[in-house]
Amino acid sequence: MLIPFDPWREMLNFKNQMERFFERGDFLEPFNPARLFSPRVEIFEEGNDVVVRAEIPGLNAKEDLEVIVEPESLTLRGEIRNERERKQERFYRSERYYGKFSRTIALPAEVEPDHARASYQNGILEVRMKKSGKNNPRARRIEIQ
């Protein structure tokens, strides 16, 4: 199911992002290119579920990833660690990302955090969340299978 473009929703999303930007004080910190990494996602509905698939290659352990489900959003936080030190090697190019990342994704429908489940395989995180009836808890951290 495709969600029709709504310019007012996009403006509200932009307003919320700007408010978070100034609340956190990000503009006061020096520029850090590592903060530019954000997992690429696809979001779709399948039956009574909202499904989010995110590309997060390079995780060493599922403990390096945190998934928080709220009724209207999904937050992915983690760290991609460099598996070895490189002191004597001569690099010509390195385009891989190492470091912390965080992304919050607005969901197309309200979900039940208690019925969410996540799995990680071959660099792809899949989070399945049951669409809501009502009376949901505010947020829930879920384990990755």
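Residues numbered from 1 in each chain as written. Predicted model: local features only at pLDDT ≥ 70, side-chain atom pairs only at ≥ 80, totals over all residues. Heavy atoms only, no water.

- You'll find the protein entered in an unreviewed UniProt entry as Heat-shock protein 20, with Carboxydothermus islandicus given as the organism.
- UniProt, in the comment section headed Sequence similarities (unreviewed entry), describes the protein in these words: "Belongs to the small heat shock protein (HSP20) family." (UniProt positions renumbered as here; feature names shortened; annotations may be inferred.)

1. As for the pairing of strand 1 (residues 40-46)
And then number 1: Two strands pair when backbone bridges link them, and strand 1 and strand 2 (residues 49-55) are joined in this way by 7 bridges, in the antiparallel orientation. Along strand 2, the bridge assignment pairs Glu-42 with Arg-53.
And then number 2: Between strand 1 and strand 2, which follow one another and run antiparallel, lie 2 residues, and Gly-47 among them has a positive phi close to 65°. (Pairing = 2+ DSSP bridges. Helix = DSSP H or I, 4+ residues; strand = E, 2+ residues; numbered from the N terminus.)

2. Side note on the environment of Leu-74
And then number 1: Structurally, the position occupied by Leu-74 is in strand 4 (residues 73-80).
And then number 2: Since its relative accessible area comes to 0%, Leu-74 is described here as buried.
And then number 3: The spatial distance from the C-alpha of Leu-74 to the C-alpha of Ala-106 is 6.6 Å, given a sequence separation of 32 residues.
And then number 4: In this view, Leu-74 contacts Val-52, Val-67, Ile-68, Val-69, Arg-103, Thr-104, Ile-105, Leu-107 and Val-127; residues no more than four positions away in its chain are not counted. (Buried < 20%, exposed > 50% of the residue type's maximum accessible area, 1.4 Å probe, protein only. Contact = heavy atoms within 4.5 Å.)

3. As for the side chain of Glu-126
And then number 1: Tracing the sequence through the fold places Glu-126 in strand 7 (residues 124-130).
And then number 2: According to the relative accessible area criterion, Glu-126 is buried, its value standing at 18%.
And then number 3: Within the local environment of Glu-126, its side chain forms a polar contact with the side chain of Arg-128, the two groups lying 3.0 Å apart.
And then number 4: When near neighbours in sequence (up to four residues on either side) are disregarded, Glu-126 contacts Val-51, Val-52, Arg-53, Arg-117, Ala-118 and Ser-119. (Polar contact = N/O pair within 3.5 Å; in protein donor to acceptor, adjacent residues only side chain to side chain.)

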